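# Structural overview for review
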Amino acid sequence: MKKFLTILSISLFLFSCSDSDESDSDDDSMEEVTVDISSVVQDAFYSDNGVTVTVEDELITITSTGLPDHKTPYWDIENQAHELYEPFPTYLITNDIYYNDDELGRLISTDDDGNAIITYQNNMNTLMTAFDYTMEIPTTPSEAENKEETDLGVIGLALNGVPIYNNFEGRDVLGVVAMSTFDAAGAHPGPNTDYHYHTAAQLSIYEENDGSTYPTINDSKLIGFLRDGFPIYGRQEEDGSYPDDLDENGGHTGATTEFPDEIYHYHCSNENYLDSGWYVLKSGAYHGTPGISSGN
Ligand SMILES: [Zn+2]
Ligand SMILES: [Zn+2]
């Protein structure tokens, strides 16, 4: 493996008044640190889960099947026979919207009028299958002049090769129906059996699953890389604090374990989404320019 190589270059960015509404307003917005992410990407992705990383002509190509390396009911809902099968989580009672009905074994939620609207955690999408995902990211990601909104589908890959999705399910923002189909990892398969993460995991629902390989729970772990090449981390900073200076896209520039010389990086949202106990990984726009992603 190549020696860790970091290229720093400082470039000045001039902002005109006309696009100031699109640009960051923090104090260091006048300079951007550009970092070569190649060696970190090559080391970080899980080759033992079938993820491949190749670097060529300033492009990093990552391929994966999209199947997780951890437990989920979606391995084999029907027969519950797969070695990584685990039952659906028992949701924490975090507020008066959600509660468990032990008798029915169902997740119950209520609408404003007190009517129960959603019950069980499975839906029509019970299958999770392998895909041929390919994501291309630049070796030196940089801030885009015009920030592109994240869209449906793959917006990044977790280190185990599972796609990261944003806070939309279909054309609607994530709601109770979609969240009630999550496994403990904050993931589920879509209609075409494509397994993907929307949120951080909730380990507390599986105490016995300590030491699991869920991408992040409530920590400072490197989760993966988004399509613009910038890394995404858990809710915490390295020192255990929660960042309070994130920009509108959920990121900021600073040192991380993998990038001690500072890099722009996203954090998993620290907002308890709809008081559900789930924390959305990424919403809003990319900081950089998203590269090609294909496979589903
Ligand atoms: Zn989804
Ligand atoms: Zn940070």
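This report concerns the structure included in the present document. (Residues numbered from 1 in each chain as written. Chains lettered and ligands numbered in written order. Predicted model: local features only at pLDDT ≥ 70, side-chain atom pairs only at ≥ 80, totals over all residues. Heavy atoms only, no water.)

## Quick notes on the packing of aromatic side chains
- Taken as a whole, this structure holds 6 aromatic pairs when the rule is applied.
- Arranged with centres 5.5 Å apart and planes meeting at 90°, the rings of Tyr264 and Tyr266 form a pair that is edge-to-face.
- By the ring-pair criterion, three or more aromatic residues cluster together here, those being Phe230, Tyr264 and Tyr266.
- The ring of Tyr279 is capped by Arg235, whose NZ or CZ atom sits 3.5 Å from the centre of that ring. (Phe/Tyr/Trp six-rings, centres within 6.5 Å; stacked < 30°, edge-to-face > 60°. Lys NZ or Arg CZ within 6 Å of the ring centre and 35° of its normal.)

## Description of the nonpolar core
- In this structure, Ile164, Tyr195, Tyr197, Leu226, Ile232, Tyr266 and Leu281 are the most contacted members of the largest nonpolar core, which totals 27 residues.
- Of all the elements in the fold, those that place two or more residues in this core are strand S14 (195-197), strand S15 (222-226) and strand S18 (263-267).
- Apart from the residues lying within four places of it in its own chain, the contact partners of Leu226 are Met135, Ile137, Ile155, Gly156, Ile164, Ile232, Tyr266, Lys282 and Tyr286.
- Residues Val40, Ile60, Ile62 and Phe225 belong to the second largest nonpolar core, which totals 23 residues. (Core = buried A, V, L, I, M, F, W, Y, C linked by side-chain atoms within 4.5 Å. Buried < 20%, exposed > 50% of the residue type's maximum accessible area, 1.4 Å probe, protein only. Helix = DSSP H or I, 4+ residues; strand = E, 2+ residues; numbered from the N terminus. Contact = heavy atoms within 4.5 Å.)

## Considerations on the coordination of the zinc ion (ligand 1)
- The coordination sphere of the zinc ion (ligand 1) contains the protein donors Glu169 (OE), His188 (NE2), His196 (NE2) and His198 (NE2), at a distance range of 2.1 Å.
- The coordination sphere of the zinc ion (ligand 1) comprises 4 donor atoms, whose angles at the metal cover 86 to 162°; the geometry is irregular.
- Relative accessible area serves as the criterion here: at 1%, His188 is assigned to the buried category. (Donors = N, O, S within 2.8 Å, 3.2 Å for Na, K, Ca; no water. Tetrahedral: all angles 85-135°; square planar, octahedral: opposite > 155°, others 65-115°.)

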